[in-house]
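Listed below are the residues making up each chain.
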Amino acid sequence: MYHSDITLRPYQEECLASIPARGSYLIQMATGLGKTVTFSRIPRYGRMLILSHREELVHQPARYFDCPVGFERAEERSHGEEVVSASVQSLVRRLDRFMHDEFDVLITDEAHHAAAPTYRKIYDHFMPRLHLGFTATPNRDDGIGLNSIYQDIIFQRDIKWGIENGYLSPIYCLRVQIDFDLSKVATRLGDYAPGELDAAVNIDGANKAVAEAFAKYAEPPALIFCTSVDHAERLAKLIPGAVAVKGGEDRAETVAAFARGEIPAITNCMVLTEGTDLPNVRTVMIARPTKNVSLYTQMVGRGTRLCEGKKLLTLIDLVGASECDLCTAPTLLGLDVKNVKDKHLIIGDLFDLPELIQRQADTPAAWITNVQYVDLWARSKKYRLHGVNWFRMPDGRMILSHPRLTLPPEDSLGRIEWNGKKRPAQKVFDEIYRLLREKCADKQVLWDLKSMKHWGRGAASDKQKAIIAERCPGFDVENLTKLEAGQILTRCFAR
């Protein structure tokens, strides 16, 4: 049964109208806004290939097309159908079955995976007229490497837009402290090593605390993300009526019973992160800590769809004593909480979080440590800042206080808008450094960190302390260095 009679929403029509005739482009559409429906309506002048990174997602697009759909998945083979839906893992081993010009349109679903070598091998094989990547992830810290695949971002509708315009559920955010420690868990490929993560999180005391958090804060039906199958099974035993979902034939019936409201909670490990429609979910609990923005967004996205009688989604971040670079609710808005000391205060409606974070992060203590924070950020992104004393705000803006200059956050292709044009971030930093040297050399001591560190080793002057004490009541000024005082004063006068 094909849903050829579906009426597109206005923003979906707008998305289709924004697509150029040819090229390779990225489209950002939040989970729940109907990206599959949208790409099923893209005009094609030949065959279409759809790439999914997990085999269980391959069949899902088929119901949105009004023509036969073939599959490249495990034992399944396509037979010349107009549309082919394929798992990357299967197709990459079968490329010799297809001509280079076999497909007119190539769709990469969940395109945040597109920089992986398997995807690149497929892209190198085919020569489509049009390649579109769809992703739900926010701008910040995503899309590393995507700029070598996609020319531009041609359409964006994020979770904030979806909620504000009534297409997605409002989100109420909670943080619950759980007794686990991630400080010694290794990071591999940008996220916690699964085995070590499970060993740190899947412990009796922490599991009991998760069950208590469910009883205290969750509104069923709830979806709980876990670190392993064993973790899912152990949590399910502690939560009355909960069922652990694993791969296999039993999953469909369990999910159906959950959708009917017969099961209060489902626990799972990487089974329901993508491609599952469960609009009745009223609570999402993140018991699977992650540093991966894409994964976190996908987990939360399982609960953002609208449903009759559902007023909001309760999002419960279960955090340990050491949060490191843990993704939590502010991640959904591209907000950074590294400089927030009292993170337990970041609770409430999702749209209230920016003001809460801004208020807590924009403090004298944060201004002092911002030098180290910016350095770590630049290293992680492989940017050269040329020693310019940039200040990075929680929303990703980069601020230079003297001379006054503000750069917006990067987009998903690593570009920053500068002088009315989006350019690679490194080129923007390079150009600003050149301009500073040419036009502000006489004030280098105010924007150059090396110069500032040279004169800033000694104790802050009485005058500096007096001004800071006046501007920042209650802040201890006694042990400040000149550099630290200079950072605070610079930020004070630039606010």
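Data block above holds the structure.
Draft legend 1. Examining the sheet that holds strand β8 (residues 171-177) more closely. Strand order in the open sheet formed by seven strands is β12-β13-β11-β14-β15-β8-β16, and the pairing between neighbours is mixed. In this open sheet, the two strands that pair with only one neighbour each are β12 (243-245) and β16 (348-349). Set on the sheet, helix α10 (residues 293-301) makes contact with β8, β11 (222-225), β14 (283-286) and β15 (313-319); between it and β14 the angle comes to about 150°.

Draft legend 2. Summary view of the side chain of S228. As for its position among the elements, S228 is in the loop between β11 and α8 (229-238). Here H231 takes part through its backbone nitrogen, which lies 3.0 Å from a polar atom of the side chain of S228. Not counting residues within four places of it along the chain, the set of residues in contact with S228 comprises D198, N202 and C269.

Draft legend 3. Focus on unusual backbone geometry. In this structure, P221 follows P220 across a cis peptide bond, with omega equal to -5°. For P221, the location among the structural elements is in the loop between α7 (204-217) and β11. Of the consecutive residues H402 and P403, the connecting peptide bond is found in the cis state with omega at -5°. Structurally, P403 can be placed in the loop between β18 (398-400) and β19 (405-407). With phi around 50°, A74 is a residue other than glycine that occupies positive phi space.

Draft legend 4. Main features of the environment of E355. Mapped onto the elements, E355 comes out in helix α11 (residues 353-361). Separated by 16 residues in sequence, E355 and N339 place their C-alpha atoms 14 Å apart.

Draft legend 5. Representation of the nonpolar core within the structure. Within the largest apolar cluster, 67 residues are counted, with the highest numbers of intra-cluster contacts made by I42, I107, L132, I171, Y296 and L315. A per-element tally of this core places α10 first, with five residues. Ignoring anything within four residues of it in the chain, the contact list for I107 reads F39, I42, M48, L49, I50, L51, L132 and F134. Core analysis: the next-biggest nonpolar cluster, separate from the first, contains 32 residues, V176, V201, A209 and V319 among them.

Draft legend 6. Fine view of the environment of L326. Take L326: it is sitting in the loop between β15 and β16. Residue classification places L326 among the buried positions, given a relative accessible area of 8%. Along the primary structure L326 and V243 are separated by 83 residues, whereas in three dimensions their C-alpha atoms are 27 Å apart. Beyond its immediate sequence surroundings of up to four residues, L326 is in contact with L182, Y192, P289, T290 and V319.

Draft legend 7. Quick peek at the sheet that holds strand β6 (residues 130-135). Overall, parallel pairing links the seven strands, which are arranged β3-β4-β2-β5-β6-β1-β7 in an open sheet. In the strand order of this sheet, the two ends are held by β3 (69-72) and β7 (152-157), each with one partner. Shown here is a sheet whose adjacent strand axes are inclined to one another by a mean of 20°, direction ignored. Looking at chain direction, strand β1 (residues 23-29) and β6 are connected through six bridges and run parallel. By the bridge assignment for β6, L26 is matched with G133. Contacts from helix α1 (residues 10-17) reach β1 and β7 within the one sheet, and its direction differs from that of β7 by about 175°. Strand contacts of helix α4 (residues 117-125): β2 (48-52), β5 (105-108) and β6, with the helix running at about 170° to β2, the strand carrying the most contacts.

Draft legend 8. How the structure looks around α4. Regarding α4, the residues found buried are Y119, I122, Y123 and H125. Buried residues along α4 cover an arc of 160° about the axis, so they all sit on one side. Summarising the geometry of α4, the exposed residues directed more than 90 degrees from the buried face are P117 and D124. Of the surrounding secondary structure, the elements contacted by the buried residues of α4 are β2, α3 (88-91), β5 and β6.

Draft legend 9. Quick look at the packing of α7 against α8. As a packed pair, α7 and α8 sit with axes 9 Å apart at the nearest point and diverge in direction by 55°. In terms of orientation, α7 and α8 fall into the oblique class. Relative to α8, the crossing made by α7 is right-handed. Taking contact as the criterion, the partners of D204, N207, K208, V210 and A211 in α7 are, on α8, H231, R234, L235 and L238. Class assignment for the residues of the contact of α7 with α8 results in four nonpolar, two polar and three charged.

So, how was this worked out
Residues numbered from 1 in each chain as written. Predicted model: local features only at pLDDT ≥ 70, side-chain atom pairs only at ≥ 80, totals over all residues. Heavy atoms only, no water. Pairing = 2+ DSSP bridges. Helix = DSSP H or I, 4+ residues; strand = E, 2+ residues; numbered from the N terminus. Contact = heavy atoms within 4.5 Å. Axes fitted to C-alpha atoms, helices over the stretch in contact; angles between N-to-C directions. Polar contact = N/O pair within 3.5 Å; in protein donor to acceptor, adjacent residues only side chain to side chain. Core = buried A, V, L, I, M, F, W, Y, C linked by side-chain atoms within 4.5 Å. Buried < 20%, exposed > 50% of the residue type's maximum accessible area, 1.4 Å probe, protein only. Arc of directions from axis to C-beta. Parallel < 35°, antiparallel > 145°, perpendicular 65-115°, else oblique. Left-handed = near helix turned anticlockwise from the far one by under 90°. Nonpolar A, V, L, I, M, F, W, Y, C, P; charged D, E, K, R; others polar.

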